[in-house]
Amino acid sequence: KQEVTQIPAALSVPEGENLVLNCSFTDSAIYNLQWFRQDPGKGLTSLLLIQSSQREQTSGRLNASLDKSSGRSTLYIAASQPGDSATYLCAVKSYNTDKLIFGTGTRLQVFP
Amino acid sequence: GAGVSQSPRYKVAKRGQDVALRCDPISGHVSLFWYQQALGQGPEFLTYFQNEAQLDKSGLPSDRFFAERPEGSVSTLKIQRTQQEDSAVYLCATKKLLAGLTQYFGPGTRLLVL
């Protein structure tokens, strides 16, 4: 059974810091991995999607890497801003199913 | 509409009451998913539709939970005889059929069972 773990559970940093959020999964036979952002009281917004054949994806100040063999992904946030404060979730999709398996999330607070 | 919409946004139910949660998908999105998110946890899969066909209901926690999508568009998640442990945010997500594409999530319905 696929299990997804995220560390740290919570992170509080001053504005301007570069951050690394970690995600690990137990079954390396994944189709893709996604990073989502969730703001309080709102749904999830997809940030980056990495296919199993890819090693990384970049969007603006965000960079996500994938090491499928070791069951790990990292989300790198450069020059963090207060507007980045949210919960970040990673999710994996396996072959033969469209459902996503989520981690428990990292709650990020960036203070001015 | 431009995105996935869900109603109601908030629902307070007395224990034992039946509730119905609605999801309106993005037009043209064939696949529809329901997830349950407990406080401080990540979303957990409940069930999945492709058009009107329910292809996977392995995540439904008990036979009190029932989902339908009769015309392949709007979906309803029904919970009978609600219990306190049913309190959670219920998220609906939809996507186009092609594998590997992202799911688009609605804002969720926050259910509180007293």
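Now for a quick tour of the structure.

### A look at the pairing of strand β7 (residues 65-68) of chain B
Burial along β7(B) is one-sided: F65(B) and A67(B) are buried, and none of F66(B) and E68(B), which face the opposite way, are. Counting the residues that bridge the hairpin from β7(B) to strand β8 (residues 75-79) of chain B gives six residues, and of these G72(B) lies at a positive phi of roughly 75 degrees.

### As for the interface of chain B and chain A
Contacts between chain B and chain A engage 24 residues on the former and 21 residues on the latter. Run the count over chain B and chain A and you get one salt bridge. As a salt-bridge pair, D98(A) and K95(B) come within 3.5 Å of each other at their nearest N and O atoms. Here chain B is connected to chain A by seven residue pairs in polar contact (both at pLDDT 80 or more). For the side of chain B that touches chain A, the element with the most residues is strand β4 (residues 31-37) of chain B, which contributes four residues. Class assignment for the residues of the side of chain B that touches chain A results in ten nonpolar, ten polar and four charged.

### With respect to the side chain of Q36(B)
All names here are of chain B. Mapped onto the elements of the fold, Q36 is located in strand β4. Look at Q36 and you get buried, because its relative accessible area is 17%. Not counting the four nearest positions on each side in its chain, Q36 is found in contact with G42, P43, E44, L46, F65, D86, A88, V89 and Y90.

### Things to note about the sheet that holds β8(B)
Whether parallel or antiparallel, the strands of a sheet pair through hydrogen bonds between backbone atoms. All names here are of chain B. The strand order across the open sheet built from four strands is β1-β3-β8-β7, with neighbouring strands paired in antiparallel fashion. Two strands lie at the open edges of the sheet, namely β1 (5-7) and β7, each paired on one side alone. Pairwise comparison of adjacent strand axes, ignoring direction, gives a mean angle of 15 degrees for this sheet. Pairing of strand β3 (residues 19-24) with β8 involves five bridges; the strand directions are antiparallel. Following the sheet pairing, A20 is matched in β8 by K78.

### What about the sheet that holds strand β6 (residues 56-59) of chain A?
Residue and element names in this part refer to chain A. Strand order in the open sheet formed by five strands is β1-β3-β8-β7-β6, and the pairing between neighbours is antiparallel. The open sheet has two edge strands with one neighbour each: β1 (4-7) and β6. Across the sheet, the axes of successive neighbouring strands diverge by a mean angle of 15 degrees, strand direction being ignored. Pairing analysis gives four bridges linking β1 to strand β3 (residues 19-25), with the strands arranged antiparallel.

### With respect to empty space enclosed by the protein
This structure, assessed with the given rule, holds one cavity of 30 Å³ or more. Considering only enclosed or pocket space, the largest cavity measures out at about 50 Å³ in volume. If you trace the largest cavity, you find ten residues lining it, with Q34(A), K93(A), L100(A), L101(B) and Q103(B) closest to the centre. Classifying every residue of the lining of the largest cavity by side-chain character gives three nonpolar, four polar and three charged.

### With respect to the pairing of β3(B)
Bridge count for β1(B) against β3(B) is three bridges, and the pairing is antiparallel. Pairing of S7(B) across the sheet is with R22(B), part of β3(B).

### Observations concerning the state of the cysteines
Cysteine pairs can be covalently joined through their sulfur atoms, and such a bond is termed a disulfide. A full pass over the atoms with the stated rule returns two disulfides over all chains. Through a disulfide, C23(A) is tied to C90(A); the S-S separation comes to 2.0 Å. As the torsion about the S-S bond is roughly 70 degrees, the C23(A)-C90(A) disulfide counts as right-handed. Taken together, the positions of C23(A) in strand β3 and C90(A) in strand β9 (residues 86-94) put the pair 67 residues apart, joining distant regions of the chain. Note on accessibility: C23(A) and C90(A) belong to one class, buried. Covalently, C23(B) is tied to C92(B) through a disulfide, its sulfur atoms 1.9 Å apart. Measuring handedness by torsion sign, the sulfur bridge of C23(B) and C92(B) sits at about -65 degrees and is left-handed.

Parameters and conventions
Residues numbered from 1 in each chain as written. Chains lettered and ligands numbered in written order. Predicted model: local features only at pLDDT ≥ 70, side-chain atom pairs only at ≥ 80, totals over all residues. Heavy atoms only, no water. Buried < 20%, exposed > 50% of the residue type's maximum accessible area, 1.4 Å probe, protein only. Helix = DSSP H or I, 4+ residues; strand = E, 2+ residues; numbered from the N terminus. Pairing = 2+ DSSP bridges. Contact = heavy atoms within 4.5 Å. Salt bridge = Lys/Arg side-chain N within 4 Å of Asp/Glu carboxyl O. Polar contact = N/O pair within 3.5 Å; in protein donor to acceptor, adjacent residues only side chain to side chain. Nonpolar A, V, L, I, M, F, W, Y, C, P; charged D, E, K, R; others polar. Axes fitted to C-alpha atoms, helices over the stretch in contact; angles between N-to-C directions. 1 Å grid on protein atoms, 1.4 Å probe; cavity = no way out; pocket = protein on both sides within 12 Å on 5 of 7 lines; lining within 4 Å. Points joined across faces, edges and corners; volume = space filled by probe spheres on them. Disulfide = S-S within 2.5 Å.

Purely geometric stuff here, so don't read any function into it on its own.
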